Amino acid sequence: MEQSFSKDFLWGGAVAAHQIEGGWDEDGKGVSIADVMTAGGNGIPRKITDGVLEGENYPNHEAIDFYHRYKEDIALFKELGLKAFRTSINWARIFPNGDDTEPNEAGLAFYDALFDELLKNGIEPIVTLSHFEIPYNLYKTYGGFKNKKVIDYFVRYGETVMERYKEKVKYWMTFNEINNQQDGEYDVHLWTNSAVILEEGDNKEKIIFQAGLNELIASAKVVKKGHEINPSFQIGCMMAYVPVYPYSSNPDDLMAANKLMHRRFFYSDIHVRGEIPTYTLKKWEKEGLNIEYTDEELQVLKEGTVDYVGFSYYMSNAVTTLPDVKGNAVKDYPSAKLVSNPYIQSSEWGWPIDPVGLRYTLNLIYERYQVPMFIVENGFGAYDKVEEDGKICDPYRIDYLKYHMSEMKKAVLEDGVDLMGYTPWGIIDIVSFGSGEMEKRYGMIYVDKDNQGNGTLERRKKESFTWYKNIIATNGEEL
Ligand code: P53
């Protein structure tokens, strides 16, 4: 039996362009959908404004200024021992309006310099094409991904960057957490995944599935083109796997959990198998959703299946049909509700903490698809305190990571799943996606900036930095 991770296991760290770069209007960059999202707070939602307005606070405009400090940050990543660094290309740097005929050379040059710097330091770039950075104009002019025209603009963008960086980037993913728009729990995801805002009288279910299918078609076209551009590319999808557990052993709870999982699997089933699953076709038919697609598009889905499944894992959910338990209503199983799981605790932002769920998810996905997997996000958002002597002690973060990595290790060494790597989220403190806060920190590197935007932006190593450095150096043996 193998005793440790393979030598080429990609230990890394992950971020997204809009949460880290800043430089929101520099060097010809256009306004992206993240640039019109204001700061919210713990439990306070962010607003989406009609363009960039005077007097509003937009935390992604400056973020942590990685755009100007990336060399200094990569030096720290090297010291940490990272073998891989996952970020996204900010689409609006390359095609400022989304529908431009020519790309913005200054935007392309920035990513040339960034990837060169990573490679020079022995760090493999892992690149997401669309991580909530859709050019704002694609919403304004076309209404976002519910419009099939946007498929072509994504393909033009994908092809452009894959051609440009074909010698520098080997690992790609198309749409970040494509399935997060699937339920009403976070309406903001229809915006960040698809640049769609619901209007009076819209059939929400229809729009969710039409926008999602359009993205899946766009993804398949780019996967196919990418393999032509460089046959050694590894191109994956990116899912948010939040497994749903039956709350009780009542068979109805199990069926409700299965139905809820279908709302997630719709996306990865198409990405991996190249076909619209029967459970979805039946649902569309029953609800008369009239989702539009052609035979040619069905063929495209078949020809553009992914090489691996990239996914984020933060938490699990539980569902029940038992009448005496309180919870939030769900779609597709009218008598069911999402409820809190009495066996697990939550973070200060109410996110359930469930390391065993990661092992379960790795097994579930591997059994379903038998393709390699890549954990491209996992981590713990928490308030950190800088001590008087400048130290930042974050044992809670080390605990979270240690327990999750240990379950990952069991999945690889005891269960035999095929795992390419692990890139914990927010390796350096960044702007939170959900709340827009700086103080919901995930990093092993601290950034001196608070929720009001005050601070020197100075970087400091946390205790978790030293801990993770040792895990990487020993290839996970000390977990
Ligand atoms: P923040 C929900 C469930 C799982 C993943 O989130 C999620 C979300 C969104 O709230 O998003 C991913 O910053 C996303 C990242 C994001 C990260 O999780 O709200 O891919 O962009 O920053 C953490 O704590």
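None of these values were measured; they are calculated from a predicted model. (Residues numbered from 1 in each chain as written. Predicted model: local features only at pLDDT ≥ 70, side-chain atom pairs only at ≥ 80, totals over all residues. Heavy atoms only, no water.)

(A) Structural view of the UniProt feature "active site" (unreviewed entry) in the chain. Under the UniProt annotation, the feature "active site" (unreviewed entry) is placed at E377. Structurally, E377 can be placed in strand β11 (residues 373–377). E377 has contacts with R86, H131, N176, E177, M238, F311, S312, Y313, Y314, T423 and W425, leaving out every residue within four places of it along the chain. A distance of 3.0 Å separates a polar atom in the side chain of E377 from a polar atom in the side chain of R86. (UniProt positions renumbered as here; feature names shortened; annotations may be inferred. Helix = DSSP H or I, 4+ residues; strand = E, 2+ residues; numbered from the N terminus. Contact = heavy atoms within 4.5 Å. Polar contact = N/O pair within 3.5 Å; in protein donor to acceptor, adjacent residues only side chain to side chain.)

(B) Expanded view of the environment of W91. Here W91 is to be found in helix α3 (residues 91–94). Among the residues examined, W91 registers a relative accessible area of 0% and is labelled buried. Separated by 63 residues in the primary sequence, W91 and G28 have C-alpha atoms spaced 12 Å apart. Every residue in contact with W91, bar those within four places of it in the chain, is listed here: G98, S130, E133, I134, P135, L138, F145, Y153, F154 and Y157. (Buried < 20%, exposed > 50% of the residue type's maximum accessible area, 1.4 Å probe, protein only.)

(C) Helix α13 (residues 395–413), seen in detail. If you check α13, its first and last C-alpha atoms are 26 Å apart, about what 19 residues at 1.5 Å a residue would give, namely 27 Å. Here α13 has its buried residues at R397, I398, Y400, L401, H404, M405, E407, M408, K409, A411, V412 and L413. For α13, the elements touching its buried residues are β1 (10–14), α12 (355–369), β11, β12 (419–422) and α14 (463–473). (Expected span 1.5 Å × (residues − 1).)

(D) Region of interest: the sheet that holds strand β10 (residues 337–339). The strand order across the open sheet built from 4 strands is β6-β8-β10-β9, with neighbouring strands paired in mixed fashion. Because the sheet does not close on itself, it has two edges, and the strands there are β6 (244–246) and β9 (328–329). Here 3 bridges tie β6 to strand β8 (residues 317–320), and the two strands are oriented parallel to one another. Its bridge partner lying in β8, Y245 is registered against A318. Against the sheet, helix α9 (residues 251–273) engages β6, β8 and β10, with an angle of about 170° to β6. (Pairing = 2+ DSSP bridges. Axes fitted to C-alpha atoms, helices over the stretch in contact; angles between N-to-C directions.)

(E) Geometry of the site of the ligand. What surrounds the ligand is a group of 17 residues, the closest being Q19, F433, G434, K440 and Y442. Within the side chain of N176, a nitrogen or oxygen atom sits 3.0 Å from an oxygen atom of the ligand. Contacts to the ligand include Y314, whose side-chain N or O atom sits 3.4 Å from an oxygen atom. In isolation the ligand offers 490 Å² of accessible surface; the protein chains occlude 97% of this area. For the shell around the ligand, a count of residues per class yields 7 nonpolar, 7 polar and 3 charged. (Near = heavy atom within 4 Å. Areas by Shrake-Rupley, 256 points an atom, 1.4 Å probe, with all protein chains shown as cover. Nonpolar A, V, L, I, M, F, W, Y, C, P; charged D, E, K, R; others polar.)

(F) Inspection of the packing of aromatic side chains at higher detail. Under the criterion given, the structure shown has 39 aromatic pairs. Ring centres of F110 and Y111 lie 4.8 Å apart, and the angle between their planes is 75°; this geometry places the pair in the edge-to-face category. The pair formed by F110 and Y111 is uniform in burial state, with each residue classed as buried. A network of ring pairs unites the aromatic residues F66, Y67, Y70, F77, F85, F110, Y111, F115 and Y165 as a single cluster. One Lys or Arg, R368, reaches over the ring of F265 and ends 3.8 Å from the middle of that ring. (Phe/Tyr/Trp six-rings, centres within 6.5 Å; stacked < 30°, edge-to-face > 60°. Lys NZ or Arg CZ within 6 Å of the ring centre and 35° of its normal.)

(G) The pattern of salt bridges, seen in detail. Counting across every chain of the model gives 37 salt bridges. Residues E117 and K120 are paired through a salt bridge, measuring 3.3 Å at the closest nitrogen-oxygen approach. Of the two residues, E117 and K120 are both situated in helix α4 (residues 105–120); the distance of 3 residues between them amounts to about one turn of the helix. In this structure K120 comes out as exposed when scored by relative accessible area, which is 64%. A salt bridge links E458 to R460; its shortest N-O distance comes to 3.7 Å. Residue R460 is classed as partly exposed on the basis of its relative accessible area of 31%. One network of salt bridges, in which partners are shared, links E205, R263, K283, E287, K331 and D332. (Salt bridge = Lys/Arg side-chain N within 4 Å of Asp/Glu carboxyl O.)

(H) Focus on unusual backbone geometry. Not every positive phi belongs to a glycine, and D27 is a case in point at roughly 50°. For D27, a relative accessible area of 43% gives the class partly exposed. One non-glycine residue, D65, adopts positive backbone phi at about 60°. Here D65 is to be found in the loop between α1 (17–20) and α2 (66–80). Classification of D65 by relative accessible area gives buried; the value is 14%.

(I) Fine view of the pairing of β1. The buried fraction of β1 amounts to 5 of the 5 residues, a majority that puts the element mostly inside the structure. Relative to β12, β1 runs parallel, the two sharing 2 bridges. Note on β12: the bridge partner recorded for W11 is Y422. Bridging between β1 and strand β2 (residues 84–88) involves 3 bridges; their strand directions are parallel. From the neighbouring strand, G13 faces β2, where its bridge partner is F85.

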